[in-house]
Amino acid sequence: MSSPVPRLAESEVYDILRNDRRRAVIQHLQSTDGGMTVGDLADVIAENEAGESPPPRNIRQSVYVSLHQTHLPRLDDAAIVAFDSVQNEVELLDGVSAVSKYLETTPTTASCDRWPKLGQLGPRVVFGLTLLGVSLVVVSLLGVSPVSVVAPAYWALLVFAAIASMTVPEVVRAVQTETRR
């Protein structure tokens, strides 16, 4: 970390940080000693995106290729990281200070990333809510007190709203990610 700190225009900083994977690279390298192989970095980012350890092979491969071909060269050009494409190593540079102060206020970090990803919640939670909803509707239809005090349609609507509240942030995140690529 001995390179001169680059002067980046604010618009250039935001352009760099608007991509989830570039932010993940910077944040992960800051949380470690500052250097690692591209393969190890791809593993970490793929695990975070997939919410699984180890990540599915196709996701890991997608992350690795995009880091190698797009994101690390972009960060290297901005003197934020030193990327050695031959040795497949990446190291954090002093230039990271030019973007670090913006990391906490990046719009997607401030809004969508605070929600857990649906992949992290898992289909079991959605299945559990669905099962709970069907049970509440059936019990309400059978007239079992105190559940029958609430109409079956309201129970169904309540469970639907719970499931929707978990999936909407994931859909927004997916749309934002697709528009950035």
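Residue positions are given per chain, counted from 1 along the sequence in the order it is written. It should be noted that, the model being predicted, local features are given only for residues of pLDDT at least 70 and side-chain atom pairs only at 80 or more, the latter also being counted only at that level, while totals for whole chains, interfaces and linings use all residues. Each side-chain value is worked out from all heavy atoms of the structure, with water and hydrogens disregarded.

Participant: Could you give an account of the overall build of the chain, with specific residues and numbers?
Facilitator: Going along the chain from the N terminus, every DSSP run of H or I of four or more residues is numbered as a helix, and every run of E of two or more is numbered as a strand. What the chain contains, in helices and strands, is nine helices and three strands. Counted from the first residue to the last, the chain has its helices and strands arranged as α-α-β-α-α-β-β-α-α-α-α-α. The contact rule is simple, with two residues in contact once any of their heavy atoms fall within 4.5 Å. When contacts within the chain are restricted to residue pairs at least 6 apart in sequence, long-range pairs at least 24 apart make up 62% of them. Surface exposure here means Shrake-Rupley accessible area, sampled with a 1.4 Å probe, where a residue is shielded only by the protein chains that are shown. Split by element, the accessible area of the chain, about 10400 Å² in all, is 59% carbon and sulfur.

Participant: How would you sum up the pairing of strand S3 (residues 89-92)? Please name residues and give values.
Facilitator: Type-normalised accessible area, obtained with a 1.4 Å probe on protein chains alone, sets the label of each residue: buried when under 20%, exposed when over 50%, and partly exposed for intermediate values. Burial along S3 is one-sided: Val90 and Leu92 are buried, while Glu89 and Glu91, pointing the other way, are not. One requirement defines pairing of two strands: DSSP has to find at least two bridges between them. For strand S1 (residues 35-37) and S3, the ladder comprises three bridges, and the chain directions are antiparallel. Following the sheet pairing, Gly35 is matched in S3 by Glu91. Between strand S2 (residues 81-84) and the antiparallel strand that follows it, S3, lie four residues; Asn88 among them carries a positive phi value of about 55°.

Participant: How would you summarise the environment of Val99 if you had to cite specific residues and measurements?
Facilitator: Note on placement: Val99 falls in helix H5 (residues 97-103). Taking the C-alpha atoms as reference points, Val99 and Ile80, separated by 19 residues in sequence, lie 8.2 Å from one another. Residues within four places of Val99 in sequence aside, it is in contact with Leu8, Val13, Leu17, Ile26 and Ile80.

Everything listed here is a matter of geometry and, on its own, says nothing about what the molecule does.
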